[in-house]
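Descriptive structure summary
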Amino acid sequence: MGTIKPMGMHISAIRRFLQEHPAVKAERLTTSQTSRRFVKNETYAMNKPYISIYEGEYDENGKALIAPATVFVSHAWRYEFVNTVVDVMEQHSLTEPDAYYWFDLFTNNQNNVGNKDFDWFSTTFRNSIRTIGQVLLVLSPWDDPLPVKRAWCLFEIASALDESDVNFLINLPKSEIKDMSTAVVADSDCLIKALSDIQAEKAEATSKEDKKLIFEVIDESEGGFFHVNEQVKKALREWYVRELRELVNMNSEDHSLLLSVTEITRDFGFLNDALNDGLACLKLAARNSLGDAYCRRVYHNLANIYSDTGELDKAIEYYSKSLVMTLRTHGDEHPDVAAAYSNIGVIYDDQGNLTKALEYHQKSLEIELNALGQDHPNVATSYNNIASIYSKIGEYDKALKFHNQSLAIQQRSLGENHPDTASSYMTIADVYSEKEDYDIAIEYYQISLKIIRVTLGQDHPFVSDCNNNMGNAYNQNNKPDKALECYGVSLEIMLELYGEDHPDVADLFDNMAVAYKKKGEIETAIAYQERSIAIKANLA
């Protein structure tokens, strides 16, 4: 016997509700206010969900107002009902005109939900999501979405992500699109900042007990909060790019918008789109004589894109064009000139031309020290770039000198207990490991881990990486038991974050195979090697 789907409302039923209750739109009521003002009052006597009022009724086109739900709507009750929640459903109905929406305001009996406990809500939501098979998450505002701050919304998101057969959609109201486009022209990094601020683990709930139970459910789900955060960010990135692409198509001569969209699509990894946009910017610049400042930014963007796609000669070509304009605008001693030299140095490093790379990074460092001072973060970056080159050519003592200068800046400017400081300790540990000073390397790995566990928690990917590297140092130092302890911590985090079918897990199994071989446990070593081979075959 098949599972019975819960009932949902067609968009025409929601339109009828709004026609019958004009105050909802006129007074810009939230979903919560709409429930208190109208839904509860009108269903009190019959003690049923509001949806039952429209049972057996049809719209002017003969479409049933009520039918088995095809979309579960996840939203925050603080949202303005018409201009946020209904707006998103109206947008969705344009692509799915036969959709029926499970929307808790109408599908739950609002007169008795206050008497329901966590188990009832969690079971109702999870079963509805599973049987309906599609979740539409209403997000607003674009730069600080409310649902990822509300524990029950997070529960619905996590429930959708737990089900492999559930389609997870995100949409934002139309009013957000104009606000977003204005913001990205002013600062193309604003979307990166908005995404970086999404931290589901900081969500709140009216009931502390509900929050505790919801967090336990999410912690126990595959990937936990990390997975929830990453999936929401992924869906938001796709929405941002889709809407910005539509804006560009509608405003093809808006050079400022196109330039910002080029940078955003590149940051989000849509490199083909970014390249096409960058080349379009070049044509706009030539056609409209947009000047050095605009062209310099276009050249810089194209160089970044070519670097990402591995076309390193073209990357140097466009970085060099950008450098010429920067020198013409600012002279020889400006920080932007230093940044241009640094970018070219990175490309030469990637090409394996370490002599040229060192030359350009040293030029960059000299300008930064004069223009920005000893303690500037850019100086720390240049020290690290130079150290990396010395490490590659085997001059480990010089590499350590520059890495330690970078670390000193971070300690002064950021403090000891900062993730960037921890990263520097791990980088220094890696150099000591390359130098075969394993005991010192392990000491630095342990300092790095101590900081990162305090600042980012026990289950952060950095903790996994650091344990893996420390395990390699123990392995090379013929301490396979210690290596396996570290690998075990790393593996537990990786499996929680990525599952087993991931290239990093395969590499870790290779490392574990080496450790077991050193212990003389050949069969176990072979077993891990075979698991690694199987993962790589699946990913090929």
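For the structure itself, look to the data block above.
Residues numbered from 1 in each chain as written. Predicted model: local features only at pLDDT ≥ 70, side-chain atom pairs only at ≥ 80, totals over all residues. Heavy atoms only, no water.

1. Some points on the overall build of the protein chain
Along the protein chain, the regular secondary structure elements total 25 helices and six strands. For the protein chain, the spread of C-alpha atoms along the principal axes amounts to about 80 × 70 × 45 Å. Burial statistics for the protein chain: of 540 residues in total, 50% are counted as buried. Sequence separation of 24 or more characterises 68% of the internal contacts of the protein chain that already satisfy a separation of 6 or more. Total accessible area on the protein chain is roughly 25,400 Å²; 47% of this is exposed by carbon and sulfur atoms. Computed over 52 positive and 82 negative side-chain charges, the separation of the two mean positions in the protein chain equals 3 Å. (Helix = DSSP H or I, 4+ residues; strand = E, 2+ residues; numbered from the N terminus. Buried < 20%, exposed > 50% of the residue type's maximum accessible area, 1.4 Å probe, protein only. Contact = heavy atoms within 4.5 Å. Areas by Shrake-Rupley, 256 points an atom, 1.4 Å probe, with all protein chains shown as cover. Lys, Arg positive; Asp, Glu negative; His and termini not counted. Charge placed at Lys NZ, Arg CZ, Asp CG, Glu CD.)

2. A look at helix α10 (residues 208-220)
The α-helix winds at 3.6 residues per turn, so residues separated by three or four positions along the chain end up facing the same way. Taking 1.5 Å per residue, 13 residues should reach 18 Å; α10 reaches 19 Å between its end C-alpha atoms and fits that length. Every buried residue belonging to α10 is among D210, I214, F215 and I218, and all of these are buried. All buried residues of α10 project into a common sector of 130° when viewed along the axis, lining one side. Those residues of α10 that are exposed and angled more than 90 degrees off the buried face are K208 and E220. Along its buried surface, α10 packs onto α6 (118-132), α7 (151-162) and α11 (224-250). (Expected span 1.5 Å × (residues − 1). Arc of directions from axis to C-beta.)

3. Thoughts on the pattern of salt bridges
Inspection of every chain in the model, using the stated rule, returns 28 salt bridges. Measuring nitrogen to oxygen at the nearest pair gives 2.4 Å for the salt bridge that ties E57 to R16. Separated by 41 residues along the polypeptide, E57 in the loop between α3 (31-43) and β2 (66-68) and R16 in helix α1 (residues 11-20) bring together distant segments of the chain. One continuous salt-bridge network, built from bridges that share partners, spans R266, D267 and D308. (Salt bridge = Lys/Arg side-chain N within 4 Å of Asp/Glu carboxyl O.)

4. Things to note about unusual backbone geometry
The omega torsion across S140 and P141 is -10°, close enough to zero to call that bond cis. Inspection of the secondary structure assignment puts P141 in the loop between β5 (134-138) and α7. A positive phi angle, close to 50°, is found at R28, a residue other than glycine. For R28, the location among the structural elements is in the loop between α2 (23-26) and α3. Although it is not a glycine, N47 sits at a positive phi angle of roughly 55°. Using a relative accessible area of 46% as the deciding quantity, one classes N47 as partly exposed.

5. Here we look at the packing of aromatic side chains
Applying the stated criterion across every chain, the model contains 28 aromatic pairs. On the basis of an interplanar angle of 85° and a centroid distance of 6.4 Å, the ring pair of F17 and F81 is categorised as edge-to-face. On the criterion of sequence distance, the pair formed by F17 in helix α1 and F81 in helix α4 (residues 81-95) is long-range, its members being 64 residues apart. An aromatic cluster is present here, built from F17, Y50, Y54, F81, F103 and F106 joined pairwise through their rings. (Phe/Tyr/Trp six-rings, centres within 6.5 Å; stacked < 30°, edge-to-face > 60°.)

6. A word on the side chain of T265
Inspection of the secondary structure puts T265 in helix α12 (residues 255-267). On the basis of relative accessible area, T265 is assigned to the buried category, the value being 1%. Among residues more than four places away in sequence, those in contact with T265 are V241, R245, F270, D273, A274 and D277.

7. What about the pairing of strand β6 (residues 167-171)?
Consecutive residues of a regular strand have side chains that alternate between opposite faces of the sheet. The sheet contact formed by β5 and β6 spans five bridges and is parallel. The residue of β6 that forms the bridge with L136 is L169. Of the crossover connections in this fold, the one passing from β5 over α7 to the parallel β6 is right-handed. (Pairing = 2+ DSSP bridges. Right-handed = clockwise from strand over helix to strand, strands pointing away.)

8. A few points about the packing of α7 against α11
In the contact formed by α7 and α11, the axes pass within 10 Å of each other and the chain directions differ by 90°. The pairing of α7 with α11 is recorded here as roughly perpendicular in orientation. Between α7 and α11, the residues in contact are L154, I157, A158 and L161 and F225, H227, V228, Q231 and V232, respectively. (Axes fitted to C-alpha atoms, helices over the stretch in contact; angles between N-to-C directions. Parallel < 35°, antiparallel > 145°, perpendicular 65-115°, else oblique.)

9. Some remarks on a negative patch on the surface
Together, D219, E220, E222, D459, E492 and E496 give the surface a local cluster of negative charge. When contributions to the negative patch are tallied by element, the ones reaching two or more residues are α10 and α23 (480-498). Among the structural elements, E220 can be located in helix α10. (Patch = residues over 30% accessible without salt bridge, like charges linked within 9 Å, V, L, I, M, F, W, Y side chains within 5 Å.)

10. Describing helix α14 (residues 292-308)
Taking 1.5 Å as the rise per residue, α14 with 17 residues should run 24 Å; its terminal C-alpha atoms sit 24 Å apart, in good agreement. If you check which residues of α14 are buried, you get Y294, C295, R296, V298, Y299, N301, L302, A303, N304, I305 and Y306. Lining the buried residues of α14 we find α12, α13 (271-288) and α15 (312-330). G310 occupies a position one or two residues after α14 and carries a positive phi of about 85°.

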